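# A closer look at the structure
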Amino acid sequence: MSRRHELLAPGLWSPISSFCIILAAALSICPLVARTDTPVTVGGSFTLTAPDGTTVTDETYRGKWLLVFFGYTSCPDICPTTLSSIAAAIEELGPDAAKLQPLFITVDPERDTPEVMGNFTAAFDPRIVGLTGSPQQIAAVSEAYGAYGVARQGEAGGDDYLMDHGTHIYIMNPQGQFVEGLDSDTPSSSIAATLGELVR
């Protein structure tokens, strides 16, 4: 009988060996269970600047549903299209839109001053609030939401750059907790339907 067969022989398979195998298997599984049980946190506290120059925090909007989108005013396509869809969606909500606060947070604080943000969002709907801040503040809120913004320099240099950025719309409940994420290309009717089910 080979050594392999001797180790597997029924008479030599002791309870201690069985226990060791089970223990090893349990230890290998436990780390995986711990990782899958860890909740993913989206959102959190932030301090930013509103178009009128006032300082706002996440507590400023507590009690309202938040629709949060990260982008920048020089964006050639995604941001204008998404904000147009958000504006159409809140219009479709009618009176229920009063329970909601759409926020457009810049990933380009160097160019997006409070005045620039205010003029930009007002062109879509005055109920959309554009928020900016210092590079450190923008980095902090982006990290909290799992968003990002990376400059891609143009040939001319200087202010000639675009920003690669995330395209998710984050829905937060009145307690500031993440509820659902939507793609930026979600039709306005679908955004309105999702929000309507939540806020009513």
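Before reading further, recall that the structure is shown in the block above.
Moving on, we come to the packing of aromatic side chains. Within the structure shown, the criterion is met by seven aromatic pairs. Residues Phe-70 and Tyr-170 carry aromatic rings whose centres are separated by 6.0 Å and whose planes lie at 90° to one another, so their mutual orientation is edge-to-face. Of this pair, Phe-70 sits in strand β3 (residues 65–71) while Tyr-170 sits in strand β8 (residues 168–172), and the two are 100 residues apart along the sequence. Considering the side-chain rings of Phe-120 and Phe-124, the 5.2 Å spacing of their centres and the 70° angle between planes classify their relative orientation as edge-to-face. For Phe-124, a relative accessible area of 23% puts it in the partly exposed group. Each residue in the set Phe-69, Phe-104, Phe-120 and Phe-124 is aromatic and connected to the rest through ring pairs, giving one cluster.

So, on to the packing of helix α3 (residues 78–93) against helix α6 (residues 188–199). Running from N to C, α3 and α6 cross one another at 50°; their axes reach a closest spacing of 8 Å. Relative to α6, α3 is oriented oblique. Here α3 runs over α6; the crossing is right-handed. Contacts between α3 and α6 involve Ser-85, Ala-88, Ala-89, Glu-92 and Leu-93 on the former and, on the latter, Ser-188, Ser-189, Ile-191, Ala-192, Leu-195 and Gly-196. Looking at the contact of α3 with α6 residue by residue, the class counts come to six nonpolar, four polar and one charged.

Right, let's talk about the pairing of strand β9 (residues 178–183) for a bit. Two strands pair when backbone bridges link them, and β8 and β9 are joined in this way by five bridges, in the antiparallel orientation. Paired with Ile-171 across the strands is Glu-180, a residue of β9. Between β8 and β9, which follow one another and run antiparallel, lie five residues, and Gly-176 among them has a positive phi close to 85°.

Cut-off values and rules
- Residues numbered from 1 in each chain as written.
- Predicted model: local features only at pLDDT ≥ 70, side-chain atom pairs only at ≥ 80, totals over all residues.
- Heavy atoms only, no water.
- Phe/Tyr/Trp six-rings, centres within 6.5 Å; stacked < 30°, edge-to-face > 60°.
- Helix = DSSP H or I, 4+ residues; strand = E, 2+ residues; numbered from the N terminus.
- Buried < 20%, exposed > 50% of the residue type's maximum accessible area, 1.4 Å probe, protein only.
- Axes fitted to C-alpha atoms, helices over the stretch in contact; angles between N-to-C directions.
- Parallel < 35°, antiparallel > 145°, perpendicular 65-115°, else oblique.
- Left-handed = near helix turned anticlockwise from the far one by under 90°.
- Contact = heavy atoms within 4.5 Å.
- Nonpolar A, V, L, I, M, F, W, Y, C, P; charged D, E, K, R; others polar.
- Pairing = 2+ DSSP bridges.

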